[in-house]
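# Working through the structure, step by step
Residue-level listing of the chains:
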Amino acid sequence: QVQLVESGGGLVQPGGSLRLSCAASGSIFRINVMGWYRQAPGKQRELVATTTLSDRTNYADSVKGRFTISRENAKNAVYLQMNSLKPEDTAVYFCNANANVFTWDVPRNFWGQGTQVTVSS
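Residues numbered from 1 in each chain as written. Predicted model: local features only at pLDDT ≥ 70, side-chain atom pairs only at ≥ 80, totals over all residues. Heavy atoms only, no water.

Attention now moves to the side chain of Arg-66. Turning to its location among the elements, Arg-66 is positioned in the loop between strand 6 (57-59) and strand 7 (67-72). Engagement of the side chain of Arg-66 in a polar contact is seen with the backbone oxygen of Ser-84, the distance being 2.9 Å. Excluding anything up to four places from it in sequence, Arg-66 contacts Gln-81, Met-82, Asn-83, Ser-84, Leu-85, Lys-86 and Asp-89. (Helix = DSSP H or I, 4+ residues; strand = E, 2+ residues; numbered from the N terminus. Polar contact = N/O pair within 3.5 Å; in protein donor to acceptor, adjacent residues only side chain to side chain. Contact = heavy atoms within 4.5 Å.)

So, in structure tokens, the structure goes:
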């Protein structure tokens, strides 16, 4: 199985920055897509950003120009640099990996436990 561990959340003032990190470990043949999702209180989980093996990226409209996703394949790691943070960015941020555990299986989604990001003055 694949385990994902996030780090880097915390409390930041509006306009500030945070960098989230996520490292995958375990039995992994290939991680196809890695990404970040978030869930605010009372809301559904939503996509923030994703990146593929070939470094194609996709961002939610609400974070374009402020957040940057990057990936380090050799470490099975993904990062999210968050700048110009707003109160509406407050949420639990989850790391996601779409991965093949074996050479013969179908890709499955794996999730981290989440890290809290709070933007408040």
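Turning our attention to the pattern of salt bridges. The tally for this structure, following the rule as stated, stands at six salt bridges. Close ionic contact of Arg-38 with Asp-89 constitutes a salt bridge, the shortest N to O distance being 3.0 Å. Here Arg-38, found in strand 4 (residues 30-39), pairs with Asp-89, found in the loop between strand 8 (77-82) and strand 9 (91-100); they are 51 residues apart in sequence, far enough to count as distant. On the basis of relative accessibility, which here comes to 1%, the residue Asp-89 falls in the buried class. A salt bridge links Asp-105 to Arg-108; the nearest nitrogen and oxygen atoms lie 3.7 Å apart. Judged by its relative accessible area of 13%, Asp-105 is buried. Among the residues examined, Arg-108 registers a relative accessible area of 31% and is labelled partly exposed. Each of the salt bridges in this network shares a partner with another, and the network as a whole consists of Arg-38, Glu-46, Arg-66 and Asp-89. (Salt bridge = Lys/Arg side-chain N within 4 Å of Asp/Glu carboxyl O. Buried < 20%, exposed > 50% of the residue type's maximum accessible area, 1.4 Å probe, protein only.)

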